[in-house]
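# Residue-level structure breakdown
Take a look at the letters that make up each chain.
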Amino acid sequence: MNIDGQAWRTIWLEEGGRSIGVIDQTQLPHRFTTRSIATLDQAAEAIRPMVVRGAPLIGVTGAYGLMLALQADPGDAALAAAFEQLNATRPTAVNLRWALERVRDRVASLPPAERAEAAKAEAAAIADEDVAMCEAIGAHGLALFQQLAAARPAECQGQPFNVLTHCNAGWLATVDWGTALAPIYKAHRAGLPIHVWVDETRPRNQGASLTAYELGREGVPHTVIVDNAGGHLMQHGQVDAVIVGTDRTTRTGDVCNKIGTYLKALAAHDNGVPFYVALPASTIDWSIADGVAEIPIEARSAEEVTDLQGRSPDGAITTVQLTPDGSPGFNPAFDVTPARLVTALITERGVASASEAGLQALYAG
């Protein structure tokens, strides 16, 4: 994707593979900075405080983190310890364990001297596959948007197709293109007039800071709204579709996404607005069926609720406290939207109903 005319991925190899580079997302939208990661500990620390975030990108970062660990110590004990250290950084997103298992399984039978290079190749393959899957999601989602736009009443033809999204599921959450934003980028480049309602997504404001940043750099018309405005817009016919990403999807079609997604799905259902979830195969957890009961929900620091980071009038990046001294905060990072509220799942293999049968039809065999 484009930043000031330059094409970027969110993660790349440096020094011939001795380190990796990433975009530091904690500094966006006010500063575009990158960070070099050369050790296992640095990779883990990039994931935990969300220097990198988004389920697919977390997975790729974890894969490269194993590569870095094996460069320092290719032994069995070091491999197992690195796997556990990285896997513990973010418990909700299934992509992380999936990518770690894939690299571990690739190198486990190799002589120690060959492991680091094999891990590098496998991690790079995971990154390239993520780009291809996200672009395919974009193509399938574009076709869906075009059908929905064409089916609108005559008086709406030619008007922008209004999409609402929650959190950030764009190229910053993946290696490139994104999941939920990929169809939006494809639609914009295809000439479909499109406008995006961007939920601010408290408490970390990843919609207001990251999604708005991405869309602005790409030139996609958008408007940032407070999280509680979405239902009002739907009631007044100002939302044609909702599209979000997911950090873990059960085999039955329940989806786990940033906290507040469930409320958007309820509002969409009540107002007859289609609610789509975009995801690559790596986000499906085939081992679980009940998302509410079985998906672990990460609880993050209460300071993300009580404090807010922003830019002051003098240009300094600062953190301010929003709440009274002594008022506690509670910060579940995700919620689960039951499959019954999901109109369809948009995957790299096509569009499926949010059900076990729908997913099996795409992925059987």
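So, here is what we can say about the structure in this document. (Residues numbered from 1 in each chain as written. Predicted model: local features only at pLDDT ≥ 70, side-chain atom pairs only at ≥ 80, totals over all residues. Heavy atoms only, no water.)

Working definition: the strands of a sheet are paired by backbone hydrogen bonds and lie parallel or antiparallel to each other. Strand order across the open sheet formed by seven strands is β8-β7-β6-β9-β12-β17-β18, with mixed pairing between neighbours. Whereas interior strands pair on both sides, the edge strands pair on one side only; in this sheet they are β8 (222-225) and β18 (350-352). Neighbour to neighbour, the strand axes of the sheet diverge by 25° on average, direction disregarded. By the bridge criterion, two bridges tie strand β6 (residues 161-165) to strand β9 (residues 241-244) in an arrangement that is parallel. Among the inter-strand pairings, Val163 is bridged to a residue of β9, identified as Ala241. Helix-sheet contacts for helix α5 (residues 112-150) involve β6, β7 (194-199), β9, β12 (275-278), β17 (344-347) and β18, and the interaxial angle to β17 is about 135°. (Pairing = 2+ DSSP bridges. Helix = DSSP H or I, 4+ residues; strand = E, 2+ residues; numbered from the N terminus. Axes fitted to C-alpha atoms, helices over the stretch in contact; angles between N-to-C directions. Contact = heavy atoms within 4.5 Å.)

As a further point, take the sheet that holds strand β16 (residues 334-337). Strand order in this open sheet of four strands is β13-β10-β11-β16, and the pairing throughout is mixed. Looking at which strands have only one partner, the edges of the open sheet turn out to be β13 (284-285) and β16. Sheet analysis places strand β11 (residues 255-258) next to β16, joined by four bridges and oriented antiparallel. Paired with Val255 across the bridge in β16 is Thr337. Its contacts with the sheet place helix α9 (residues 261-271) against β11 and β16, and it is angled at close to 30° to β16.

A few words now on the pattern of salt bridges. Pairs can form between side chains of opposite charge once their charged atoms are near each other. According to the stated counting rule, one finds 20 salt bridges in the structure shown. With a closest N to O distance of 3.3 Å, Arg97 and Glu101 form a salt bridge. Taken together, the residues span about one helical turn, with Arg97 and Glu101 both in helix α4 (residues 94-107) at a distance of four residues. The exposure class assigned to Arg97 is partly exposed, which follows from its relative accessible area of 35%. We classify Glu101 as partly exposed; its relative accessible area is 27%. The shortest N-O distance in the salt bridge between Glu298 and Arg300 comes to 2.8 Å. (Salt bridge = Lys/Arg side-chain N within 4 Å of Asp/Glu carboxyl O. Buried < 20%, exposed > 50% of the residue type's maximum accessible area, 1.4 Å probe, protein only.)

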